[in-house]
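Breakdown of the fold
This is what each chain is made of:
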Amino acid sequence: MYSKLPNLVLGFHGCDISAFNAVIHDGQHIKPSKNDYDWLGHGAYFWEHNLRRAQDWAIEQQGRGSIEQPAVIGAVLDLGHCLNLTDSEYIDLLKNEYKLLRDEMKTIGQPLPKNSGKTEDRLFRRLDCAVIEHLHSRLKTAKQEGLNLIEPFDSARGLFSEGSPIYEDAGFREKTHIQICVRNPNCIKGYFDPRKPSAKWSLP
């Protein structure tokens, strides 16, 4: 009843200049990610209200050789029916989904995927991705069969504490952010080229 998020949010997508030009100038759409380690499942990814984080991510990818020239695409998003993992209702839903996936994998004699990585952030979220995708698949199948479950989700949203502490004994980390994964492309109301503010005016 109280879980729907405000109407519109701004998202920022770090990318290569070629993707920027394809979306901003040629009218194409951001390609959804379908890696088995995606933090919030499959879809188009955005940093919520965080242009700087999108820029930093693109620069990091350039350093790894996967981007030639960093760029950022801005987007106006309506998250619709959102799997909001800052909301206790949906946290409980995903907790239950893990149990369903665990039992299913045990029945067929297959191991569960694992989150992994060289840092405590565990950047390869194969388990989390599998649980979220299992939920999406189950809800989609239920709707096709006319079962009275909740509607499939248009998007997913999560808060991630990432990076090093910002000072000694800090509870805050350098790369903490809210990430959005859009599954339903109709959630994307428009794209824009983020502009630099005018130094002559204050920021409202």
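So, a few notes on the structure that sits alongside this text.

Details of the state of the cysteines
For the structure on display, the rule yields zero disulfides. Of all cysteine sulfurs, the one in Cys181 lies closest to Cys15, which takes part in no disulfide; the gap is 16 Å. Free of any disulfide, Cys129 has its nearest neighbouring cysteine sulfur in Cys181, separated by 8.5 Å.

Observations concerning the side chain of Glu48
With respect to the helices and strands, Glu48 occurs in strand E2 (residues 44–48). You can call Glu48 buried: its relative accessible area is 14%. A distance of 2.7 Å separates polar atoms of two side chains, one belonging to Glu48 and the other to Arg157. Beyond its immediate stretch of four places on either side in the chain, Glu48 contacts Leu10, Arg157, Ile178 and Ile180.

Some thoughts on the sheet that holds strand E8 (residues 177–182)
In space, the seven strands of this open sheet follow the order E4-E7-E8-E2-E1-E3-E9, with mixed pairing throughout. If you trace the sheet from one side to the other, it starts and ends with strand E4 (82–84) and strand E9 (188–192), each paired once. Across the sheet, the mean angle separating the axes of adjacent strands is 30° when strand polarity is ignored. Inspection of the sheet shows strand E1 (residues 9–16) paired to E2 by two bridges, in the antiparallel sense.

So, empty space enclosed by the protein
Under the defined criterion, the tally for this structure stands at one cavity of 30 Å³ or more. Computed from the structure, the largest cavity encloses a volume of approximately 30 Å³. As for the largest cavity, its lining consists of Lys4, Leu5, Pro6, Asn7, Asp78, Leu79 and Gly80. In terms of residue class, the lining of the largest cavity is built from three nonpolar, two polar and two charged.

A closer look at a nonpolar patch on the surface
Together, Ile166, Tyr167 and Phe172 give the surface a local cluster of nonpolar side chains, amounting to about 350 Å² of exposed area. With respect to the helices, strands and loops of the structure, Phe172 is situated in the loop between strand E7 (155–160) and E8.

Remarks on unusual backbone geometry
Of note in this structure, His49 is not a glycine but carries a positive phi near 50°. You can see His49 is positioned in the loop between E2 and helix H2 (51–63). A positive phi angle, close to 65°, is found at Asp169, a residue other than glycine. Looking at the element boundaries, Asp169 is found in the loop between E7 and E8.

Some words on the packing of aromatic side chains
Across all of its chains, the model carries four aromatic pairs by this definition. Ring plane angle 85° and centroid distance 5.6 Å describe the contact between Tyr90 and Phe153, whose orientation is recorded as edge-to-face. In this pair, Tyr90 is assigned in helix H3 (residues 88–107) and Phe153 in the loop between helix H4 (126–144) and E7, connecting sequence segments 63 residues apart. A relative accessible area of 8% means that Tyr90 is categorised as buried. A cation over a ring is seen here: Arg125 above Trp39, with NZ or CZ 4.0 Å from the ring centre.

A word on the pattern of salt bridges
Using the criterion set out here, one finds 11 salt bridges in the structure. With a shortest N-O distance of 3.6 Å, Asp128 and Arg125 are connected by a salt bridge. Since its relative accessible area comes to 27%, Asp128 is described here as partly exposed. Here Glu133 ties to Arg183 by a salt bridge, and the two come within 2.9 Å at their closest N and O atoms.

Rules used throughout
Residues numbered from 1 in each chain as written. Predicted model: local features only at pLDDT ≥ 70, side-chain atom pairs only at ≥ 80, totals over all residues. Heavy atoms only, no water. Disulfide = S-S within 2.5 Å. Helix = DSSP H or I, 4+ residues; strand = E, 2+ residues; numbered from the N terminus. Buried < 20%, exposed > 50% of the residue type's maximum accessible area, 1.4 Å probe, protein only. Polar contact = N/O pair within 3.5 Å; in protein donor to acceptor, adjacent residues only side chain to side chain. Contact = heavy atoms within 4.5 Å. Pairing = 2+ DSSP bridges. Axes fitted to C-alpha atoms, helices over the stretch in contact; angles between N-to-C directions. 1 Å grid on protein atoms, 1.4 Å probe; cavity = no way out; pocket = protein on both sides within 12 Å on 5 of 7 lines; lining within 4 Å. Points joined across faces, edges and corners; volume = space filled by probe spheres on them. Nonpolar A, V, L, I, M, F, W, Y, C, P; charged D, E, K, R; others polar. Patch = residues over 30% accessible without salt bridge, like charges linked within 9 Å, V, L, I, M, F, W, Y side chains within 5 Å. Areas by Shrake-Rupley, 256 points an atom, 1.4 Å probe, with all protein chains shown as cover. Salt bridge = Lys/Arg side-chain N within 4 Å of Asp/Glu carboxyl O. Phe/Tyr/Trp six-rings, centres within 6.5 Å; stacked < 30°, edge-to-face > 60°. Lys NZ or Arg CZ within 6 Å of the ring centre and 35° of its normal.

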